[in-house]
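# An overview of the molecular structure
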Amino acid sequence: MTAYLIVEAKVSDPACYEKYKELAQEAIKRHQGRYLVCGGAIEVLEGEWTKPERLVVVEFDSIAQAKTFYNSPEYLAARTLRKDAASMNILVVEGVPQLSESI
């Protein structure tokens, strides 16, 4: 079942963060992830949501695949580089099952 890696980032060193993004993008591609949201404009429409500085959503085929990406040597190198460039909250959530067209 499809899974989504959701990332809230607060960047403190933009130059270093750009280097992190290059490594992260390569790791995501290597693990068949697909960017759905990548730092676009954010607007709160309702509730007490604290607007994140940067939001990223990456689609994977499963939670297992997302976790394999997250724990991969390629992404570990990116995370190590990012250590002093940004703080992040990251979670993975399972998507909804695809409905059969016959229903």
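For the structure given in this document, a descriptive report is provided here. (Residues numbered from 1 in each chain as written. Predicted model: local features only at pLDDT ≥ 70, side-chain atom pairs only at ≥ 80, totals over all residues. Heavy atoms only, no water.)

## Side note on the packing of aromatic side chains
So the rule is basically this: A pair of aromatic rings is counted whenever rings of Phe, Tyr or Trp (Trp by its six-membered ring) have centres within 6.5 Å, and the orientation is called stacked for planes under 30 degrees apart, edge-to-face for over 60 and tilted otherwise. Working definition: helices are DSSP H or I runs of at least four residues, strands are E runs of at least two. Numbering for both runs from the N terminus. Exposure is judged per residue with a 1.4 Å probe applied to protein chains only, and the accessible area is read against the type maximum: over 50% gives exposed, under 20% gives buried, and values in between give partly exposed. The rule for a charge over a ring is simple: NZ of Lys or CZ of Arg within 6 Å of the ring centre, and within 35 degrees of the ring normal.
Across all of its chains, the model carries 5 aromatic pairs by this definition. On the basis of an interplanar angle of 35° and a centroid distance of 5.3 Å, the ring pair of Y17 and Y20 is categorised as tilted. Taken together, the residues span about one helical turn, with Y17 and Y20 both in helix α1 (residues 14-30) at a distance of 3 residues. Residue class for Y17 comes out buried when judged on its relative accessible area of 5%. An aromatic cluster of three or more residues is present, and its members are Y17, Y20, F60, F69, Y70 and Y75. Above the face of the Y70 ring, R79 is positioned so that its terminal group lies 4.2 Å from the ring centre.

## Points about the environment of A24
Worth spelling out the cut-off: Any two residues having at least one pair of non-hydrogen atoms within 4.5 Å are treated as being in contact.
Within the secondary structure, A24 sits in helix α1. Under the relative-accessibility criterion, A24 is labelled buried at 4%. Beyond its immediate chain neighbours, meaning those up to four positions away, A24 contacts Y35, F69, Y75 and A78.

## Structural notes on unusual backbone geometry
At Q32, a residue that is not glycine, the phi angle is positive and equals roughly 60°. For Q32, a relative accessible area of 45% translates into the label partly exposed.

## Points about the sheet that holds strand β4 (residues 86-94)
Paired through their backbone hydrogen bonds, the strands of a sheet run either parallel or antiparallel. Test applied: Strands were regarded as paired on the criterion that DSSP finds at least two bridges between them. For every element, the axis is a line fit to its C-alpha atoms; helices are fit only across the contacting stretch, and the angle between N-to-C directions ranges from 0 to 180 degrees.
With antiparallel pairing, 4 strands are arranged side by side in an open sheet as β2-β3-β1-β4. Of all the strands in the sheet, just β2 (34-38) and β4 have a single pairing partner and so form its edges. The average angle at which neighbouring strand axes cross in this sheet is 20°, direction not considered. Across the sheet, helix α2 (residues 63-70) touches β1 (3-11), β3 (54-60) and β4, and the angle it forms with β4 is around 155°.

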